[in-house]
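Remarks on the overall topology
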Amino acid sequence: MPAPDQAVFETGPCVFGVSRLLPLIDVLSTEVAGVRAADDIEPVHRMRVASRRLRAALPLFSACFPEKDYRHWMHEIKKITRALGNARDTDVQIAFLKKYLKTQGGTVPAGATTPVPAPLPSGDPIAELLIQLQKRRKVLQQQVISVLDELEETQVLVSLREACTPPAAPGKRRKRERYFGILPGAADRIGRRLAGLDRFEPFVHNPDAVYEHHALRIAAKKLRYTLETYAPLYRRGFKKPIARIKKIQDLLGDIHDCDVWIEQMTRAIIKQHTRRHPVGTLPGAAISAVAPLRRLLVNRERRRTRLYRQFVRYWDSLVRTGFRDALRVAALEGQKMAFGRRSSRETKEEREAVLRLSATAPDHVTHSMNVAALSLRLFDELAPLHGLGRRDRDLLSFAAIVHDIGWTAGQAGHQKKSAELILTSGDLPVPVREQGIISLVAGLHGGSGRVRPAGFWLLLSPSDKKRVRSLAALLRVADGLDYLHTGNVTDLHCTTEGPEVRCILTGTGDVSTEKARALKKSDLFAEVFGKTLVIP
């Protein structure tokens, strides 16, 4: 399988990405022999975790690889994770049943500290379940070996390792320069993972939300793996957040294990109730197959109740201490200086960098500059209405200049592509927070103007979110005023009259099309400022 082009490794995210993927590939490869031997259950556990980490990390850097190769790798790794997951879950169940059976009906002799298990009666359903699980594990082992054989035959790990080995660069660059552009994207990814916690938080205090608790556990796991991937870029390596999220994950994992047993025992009891039993004086007539199942069911229900209370107390303690807000701030401001650009705070230097980025879509430079000029006129004319400051004016100008660079990938979804290109640019000498704001404002210039509550948006404070929507509202109107890309509208003057904002245009030729388009795109303007835009 061909390796990616050398150019892909010139971007900061890809340079950093391959440095994080290679160790995961090595760990996955190291455990193959132990999993095949099946002498111990730990290699299966370690390889399963390694495959999960690789599955979580690879999408973070998917843009660094050919799409066809990336999809193939993800498909094969997913099959490994599934096979190992089934085997690992069965190992855990077998280990639990062995421990449980040892504690049932046992006595503690003098001088001993552990109970001696009593002989199990013939037909004991728990013992039979253990035997069934052990048989199932042997079948699963064959499936695991089959997947490993396919893994070696397709050379997935080999091709992935080769793709993650960049060609020797002609000259060395400092680490700080090599990683330019990674920090805003890292913050965006962390924000996306935080969205999972936010989505399922309303179910935390519902003890019967079994599905949602499991989904919350998966969301916590993905967030933890994402933080671990980007940890080297941040001060203190996210140690506290990772430890706290791991505890959430562990508690929810134990709760899920109990839920699985509760479901299995409930079904087994119902099955026994509807089963035809021996009659007369046959030995089986005196044996209750339901009682052992009910004891195990009660055992797991009590265990789940204790774990759930512990989880809720821990979650509430994290909420009281502002855990998620602290993580959001750390994702935006906790980066190591060695991996980012220092803010120049020189508007001229910033503008030059923005112009260089705009030049990547040369066919739209003139339009973008027209939109930038109109955006600033709107900003100045409506200063009493929006109440934004000088720096916000600069950010609006920057967003307008680069709002159409996504056209390099075509018209469809170009606003989303523009936002992605801005966020991953390593050439903007602005703080991470401001680069994200520029990206969001530019991304809202088209479409419905509605913000998706995910990614970088979730990391912003309420005041920053208001800034984004205000600036985007102005940009959308300005973009509409140059809808034909002809620069017909050259100036404007706006006044606020009660519930309306009236803007008089100055232009060359017929500007009716531009008026209509600006009014159509004024939906966000009306929502943010509570005023109706009127262009007579």
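Now for a quick tour of the structure. (Residues numbered from 1 in each chain as written. Predicted model: local features only at pLDDT ≥ 70, side-chain atom pairs only at ≥ 80, totals over all residues. Heavy atoms only, no water.)

**Some thoughts on the overall build of the protein chain**
In terms of regular secondary structure, the protein chain is built from 22 helices and three strands. Across the 536 residues that make up the protein chain, the buried fraction comes to 48%. Intrachain contacts of the protein chain at a sequence separation of at least 6 include 77% that bridge at least 24 residues. Carbon together with sulfur atoms contributes 53% to the accessible area of the protein chain, which is approximately 26,700 Å² in total. (Helix = DSSP H or I, 4+ residues; strand = E, 2+ residues; numbered from the N terminus. Buried < 20%, exposed > 50% of the residue type's maximum accessible area, 1.4 Å probe, protein only. Contact = heavy atoms within 4.5 Å. Areas by Shrake-Rupley, 256 points an atom, 1.4 Å probe, with all protein chains shown as cover.)

**Some details on the pairing of strand β2 (residues 500-507)**
Sheet topology places strand β1 (residues 489-497) next to β2; eight bridges connect them, and they run antiparallel. Across the sheet, the residue bridging to Asp491 is Thr506, located in β2. Here β1 folds back onto β2, and the loop between the two strands holds two residues, one of which, Gly498, carries a positive phi near 65 degrees. Judged from the three bridges that link them, β2 and strand β3 (residues 532-534) form a sheet pairing that is parallel. The residue of β3 that forms the bridge with Val501 is Leu533. (Pairing = 2+ DSSP bridges.)

**Observations regarding the state of the cysteines**
Enumeration over the complete set of coordinates arrives at two disulfides. Covalent S-S linkage joins Cys14 and Cys64, the inter-sulfur distance amounting to 2.0 Å. Taking the torsion about the S-S bond as the criterion, the Cys14 to Cys64 disulfide, at about -95 degrees, is left-handed. Placement of the pair is Cys14 in helix α1 (residues 12-30) and Cys64 in the loop between α3 (42-57) and α4 (67-103), with a sequence separation of 50 residues. Across the protein chain, the disulfide pattern expressed with sequentially numbered bonded cysteines is 1-2, 3-4. Just so you know, Cys164 is unpaired, no disulfide at all, and the nearest cysteine sulfur is the one on Cys64, 8.8 Å from it. (Disulfide = S-S within 2.5 Å.)

**Some words on a positive patch on the surface**
A cluster of basic side chains, namely Lys99, Arg302, Arg303 and Arg306, defines a positive patch on the protein surface. At three residues, the largest contribution of residues to the positive patch is made by helix α11 (residues 290-320). As for its placement among the helices and strands, Arg302 is situated in helix α11. For Arg302, a relative accessible area of 57% corresponds to the exposed category. (Patch = residues over 30% accessible without salt bridge, like charges linked within 9 Å, V, L, I, M, F, W, Y side chains within 5 Å. Salt bridge = Lys/Arg side-chain N within 4 Å of Asp/Glu carboxyl O. Lys, Arg positive; Asp, Glu negative; His and termini not counted. Charge placed at Lys NZ, Arg CZ, Asp CG, Glu CD.)

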